[in-house]
Amino acid sequence: QTSNDINSFQSTLQRCIFITTATMPKAEKGSAKDVANRMKAKGLQKLKFYCQMCSKQCRDENGFKCHLTSDSHLRNMKLFRDNASGIMDDF
């Protein structure tokens with residue numbers, strides 16, 4: 001009986017491993033997700049969308065717009081407003 005239990009456990013374990021290692025379907029070619037994945041795979045892009053205050057590069061206009069409304073960017077802008085001359089000396 002013990003060997004049956006072990007065999008049953010091993011077959012269940014093999015099925016679980018197969019399910020967890022199955023690959024996710026790829027994004028549809030030409031979709032926004034596919035374009036973003038290909039851009040991400042290329043690495044750094046041209047600095048078209050770059051926030052110099054935060055030293056952050058964004059992939060597209062929408063990402064840049066989201067960054068401009070983020071808490072971290074607004075916090076950096078508040079620090080700049082409070083100490084503009086000190087920060088400008090660093091540039």
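A. Local environment of the confidence of the model for the protein chain. Per-residue confidence for the protein chain gives a mean pLDDT of 75; residues scoring 70 or more make up 65%. Of all the helices and strands in the protein chain, helix 1 (residues 2-21) carries the lowest mean pLDDT, 56, while helix 4 (residues 71-82) carries the highest, 92.

B. Highlighting the pattern of salt bridges. With the rule as written, the count across this model stands at two salt bridges. Note that lysine 78 is salt-bridged to aspartate 82, the shortest N-O span being 3.6 Å. Of this pair, lysine 78 and aspartate 82 are both found in helix 4, four residues apart, which corresponds to roughly one turn of the helix. One salt bridge connects arginine 81 with aspartate 82, and the closest N-O pair in it is separated by 3.8 Å. The pair formed by arginine 81 and aspartate 82 is uniform in burial state, with each residue classed as exposed. In the salt-bridge network here, residues are joined through shared partners; they are Lys78, Arg81 and Asp82.

C. Structural context of the state of the cysteines. Summed over all chains, the structure comprises zero disulfides. The cysteine cysteine 54 is free of any disulfide, with cysteine 51 supplying the nearest cysteine sulfur at 3.7 Å. Considering cysteine sulfurs only, cysteine 51 is the nearest to cysteine 58, which forms no disulfide, with 7.5 Å between them.

Rules used throughout
Here the residue index of a chain counts from 1 through its sequence in written order. Per-residue local features are limited, in this predicted model, to residues with pLDDT of at least 70; the limit for side-chain atom pairs, both in listing and counting, is 80 or more; totals at the level of whole chains, interfaces and linings are taken over all residues. Only hydrogens and water are set aside when side-chain values are computed; all heavy atoms of the structure are taken into account. Every residue carries a pLDDT, the predictor's confidence in it, which falls somewhere between 0 and 100. Here a helix means four or more residues in a row that DSSP labels H or I, a strand means two or more in a row labelled E, and each is numbered from the N terminus. Salt-bridge detection follows one rule: a side-chain nitrogen of Lys or Arg within 4 Å of a carboxyl oxygen of Asp or Glu. Exposure is judged per residue with a 1.4 Å probe applied to protein chains only, and the accessible area is read against the type maximum: over 50% gives exposed, under 20% gives buried, and values in between give partly exposed. Here, two cysteine sulfur atoms that lie within 2.5 Å of each other are counted as a disulfide.

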